[in-house]
Amino acid sequence: MSDSKKTEPVTTALLRSNGNSSPIHPHHDLRLDRIPQLMTLNVVALMPAHQEEKDIQASLTSLINQTYPVTIVVLANGCTDATVEKAQLAAGDNLNVFIEDLPKLPHKKSEAMNFGYLKYAQAADLVITVDADTMLNQTTIEEWVKEFEENPKLGGSCARFTMRGTSLITRLQRLDFSIGIDFNLHRGKSDVLPGAGSCFRGDILKHLSTWDDREGPWTYVSAVEDFEVTYQIQRMGFHTRTSPTARAYTDPMSTWKALRGQRMKWNCGTIEDLISFGLNRTTRLMWCQQILTLFSILLTALLVVFMVYISFDGQWTFNLRSLPLMVGIPLLVWMKSIKHSLRMP
């Protein structure tokens, strides 16, 4: 029997071949310690992108215009549209912007971020992840820097998001996000640091990248890598939170089908990870939230069954007198959600 040769991970191969390749701007000096340090902390922002020609210019410009100096790494992952060209246009001759035109990576966003981290951000004090359809306030990074300097136990902080748009589906998602953000701000903790706009302490990511189960800080096993890395940071004893002052603006799911797919991925991925993590001090509240969600779904289903049952007499003849009760309660709940969503700014 012949020995099988172990396949080298794509990210490792790309990094190993760095001597034969370079980012879009070859005149850049890749040594992070030679980037002018105008302030205290060295900050690197990773922007993964796939087919983002529509939004990447505005998103990249919002990073370039930050009041705090930041090294920006655009990670175009298998883009066949004009994402790279639009990023080049926004970057111009800015020496603090690096653009990597990567092939289509098998582990997609997680692998692109690991590549960017290993090549550019291992020496960074703070590492920021920003989606290519997310725009930051001009002072967002400065606000994050203040938070990390003031709290040495802070491991990660996510932006306070607002979704752009005025459609009903956008307002409903904005309502959902606002409820979650208010809850996190009230308790001073966030169990998910979304890759759309979060800031991490560099030393923690450096420690994570040394683990045997991953190439870099982000795992390829979890369907919700943001949740997994947040859990690991908490397990190390560091705090994760939603910033009250660092603002970001992002795009919502534009169709009901896309929204359903996104939520199914989040919910199923979270449950899979919780099963993997088990019940412990870090996950007990998350387990409670999942159980309450399941209980709410079951209660709603039982309510529907009960209302259908009482709407018929013993011979299953439809009873019009029960119709208001049958449709009234769900209709009131639905109208209340619509009312709140329409009032969202």
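Refer to the preceding data block for the structure.
Only a predicted model underlies this, so the values are computations on that prediction, with no experimental measurement involved.

1. Quick look at the sheet that holds strand β2 (residues 71-77)
And then number 1: One open sheet holds the eight strands; their spatial order is β3-β2-β1-β4-β7-β6-β8-β5, and the pairing between them is mixed. Looking at the sheet topology across the chains shown, the edges are occupied by β3 (97-102) and β5 (134-136). Averaged over all pairs of adjacent strands, the angle between their axes in this sheet comes to 30°, without regard to strand direction.
And then number 2: Where strand β1 (residues 43-49) meets β2, six bridges bridge the pair, whose relative direction is parallel. In the sheet register, Met 47 faces β2, and the bridge partner there is Val 74.
And then number 3: Packing of helix α2 (residues 56-64) onto the sheet brings it into contact with β1, β2, β3, β4 (126-130) and β5, and relative to β5 it is tilted by some 25°.

2. Digging into helix α8 (residues 225-235)
And then number 1: Most of α8 sits out of view: ten of its eleven residues are buried.
And then number 2: Among the residues making up α8, those that are buried are Glu 225, Asp 226, Phe 227, Glu 228, Val 229, Thr 230, Tyr 231, Gln 232, Ile 233 and Gln 234.
And then number 3: Positive phi shows up at Gly 237, right after α8, with a value of about 95°.

3. Notes on the environment of Gln 234
And then number 1: For Gln 234, the location among the structural elements is in helix α8.
And then number 2: With 49 residues separating them along the chain, Gln 234 and Thr 283 place their C-alpha atoms 9.7 Å apart.
And then number 3: Excluding its chain neighbours within four sequence positions, the residues that come into contact with Gln 234 are Lys 189, Ser 190, Asp 191, Thr 240, Thr 282 and Met 286.

4. A look at the pairing of strand β7 (residues 197-201)
And then number 1: With five of five residues buried, β7 is to be regarded as a mostly interior element.
And then number 2: Taking every second residue as pointing to the same face, both faces of β7 are buried, with Gly 197, Cys 199 and Arg 201 on one and Ser 198 and Phe 200 on the other.
And then number 3: In this sheet, β7 lies alongside strand β6 (residues 154-163) in antiparallel orientation, the contact comprising three bridges. Paired with Ser 157 across the strands is Cys 199, a residue of β7.

5. Topic: the pattern of salt bridges
And then number 1: Applying the stated criterion across every chain, the model contains eight salt bridges.
And then number 2: In this structure, the salt-bridge partner of Arg 263 is Asp 176, at a minimum N-O distance of 2.7 Å. In this pair, Arg 263 sits in helix α9 (residues 256-277) while Asp 176 sits in helix α6 (residues 168-187), placing the two residues 87 residues apart along the sequence.
And then number 3: Here Glu 228 makes a salt bridge to Arg 214, at a shortest N to O gap of 2.7 Å. On the criterion of sequence distance, the pair formed by Glu 228 in helix α8 and Arg 214 in the loop between α7 (202-208) and α8 is long-range, its members being 14 residues apart. Residue Glu 228 shares its accessibility class with Arg 214, and that shared class is buried.
And then number 4: One connected set of salt bridges, linked through shared partners, spans Arg 187, Lys 189 and Asp 191.

6. Concerning the side chain of Glu 215
And then number 1: Here Glu 215 is to be found in the loop between α7 and α8.
And then number 2: Of the residues examined, Glu 215 reaches a relative accessible area of 18% and is grouped as buried.
And then number 3: Side-chain polar atoms of Glu 215 contact the side chain of Tyr 220, separated by 2.7 Å.

7. Considerations on the packing of aromatic side chains
And then number 1: Here the structure, examined in full by the defined rule, presents five aromatic pairs.
And then number 2: On the basis of an interplanar angle of 45° and a centroid distance of 5.0 Å, the ring pair of Phe 98 and Tyr 120 is categorised as tilted. Remark: Tyr 120 occurs in helix α4 (residues 108-121) and Phe 98 occurs in strand β3; sequence separation between them is 22 residues.
And then number 3: Take Tyr 120: its relative accessible area is 1%, and that puts it in the buried class.
And then number 4: Seen in terms of ring centroids, Tyr 231 and Phe 277 are 3.7 Å apart; in terms of plane orientation they differ by 10°. Their pairing is stacked. Of this pair, Tyr 231 sits in helix α8 while Phe 277 sits in helix α9; the two residues are 46 residues apart in sequence, bridging distant segments of the chain.

8. Considering the side chain of Thr 240
And then number 1: Note on placement: Thr 240 falls in strand β8 (residues 239-250).
And then number 2: A distance of 2.5 Å separates a polar atom in the side chain of Thr 240 from the backbone oxygen of Ser 190.
And then number 3: One polar contact links Thr 240 to Gln 234, side chain to side chain, over a distance of 2.8 Å.
And then number 4: If we ignore the near neighbours within four places in the chain, the residues touching Thr 240 are Gly 156, Gly 188, Lys 189, Ser 190, Leu 193, Thr 230, Ile 233 and Gln 234.

9. Things to note about the nonpolar core
And then number 1: Within the largest apolar cluster, 37 residues are counted, with the highest numbers of intra-cluster contacts made by Val 43, Leu 60, Leu 63, Ile 128, Ile 141 and Trp 144.
And then number 2: In contact with Leu 60, not counting residues within four places along its chain, are Met 47, Ile 72, Val 74, Ala 87, Ala 90, Ala 91 and Val 97.
And then number 3: Formed by 25 residues, the second largest nonpolar core is a distinct cluster that contains Val 73, Leu 75, Phe 98 and Leu 102.

10. What about the packing of α6 against α9?
And then number 1: One way to put it is that α6 packs onto α9 with a least axis distance of 11 Å and a crossing angle of 25°. By the angle between their axes, α6 is roughly parallel relative to α9. Crossing angle aside, the handedness with which α6 passes α9 is left-handed. In this structure, α6 contributes Ile 169, Leu 172, Gln 173, Asp 176 and Phe 177 to the contact, and α9 contributes Trp 256, Leu 259, Gln 262, Arg 263 and Trp 266.
And then number 2: Of the residues contributing to the contact of α6 with α9, the split by class is six nonpolar, two polar and two charged.

The rules behind these values
- Residues numbered from 1 in each chain as written.
- Predicted model: local features only at pLDDT ≥ 70, side-chain atom pairs only at ≥ 80, totals over all residues.
- Heavy atoms only, no water.
- Pairing = 2+ DSSP bridges.
- Helix = DSSP H or I, 4+ residues; strand = E, 2+ residues; numbered from the N terminus.
- Axes fitted to C-alpha atoms, helices over the stretch in contact; angles between N-to-C directions.
- Contact = heavy atoms within 4.5 Å.
- Buried < 20%, exposed > 50% of the residue type's maximum accessible area, 1.4 Å probe, protein only.
- Salt bridge = Lys/Arg side-chain N within 4 Å of Asp/Glu carboxyl O.
- Polar contact = N/O pair within 3.5 Å; in protein donor to acceptor, adjacent residues only side chain to side chain.
- Phe/Tyr/Trp six-rings, centres within 6.5 Å; stacked < 30°, edge-to-face > 60°.
- Core = buried A, V, L, I, M, F, W, Y, C linked by side-chain atoms within 4.5 Å.
- Parallel < 35°, antiparallel > 145°, perpendicular 65-115°, else oblique.
- Left-handed = near helix turned anticlockwise from the far one by under 90°.
- Nonpolar A, V, L, I, M, F, W, Y, C, P; charged D, E, K, R; others polar.

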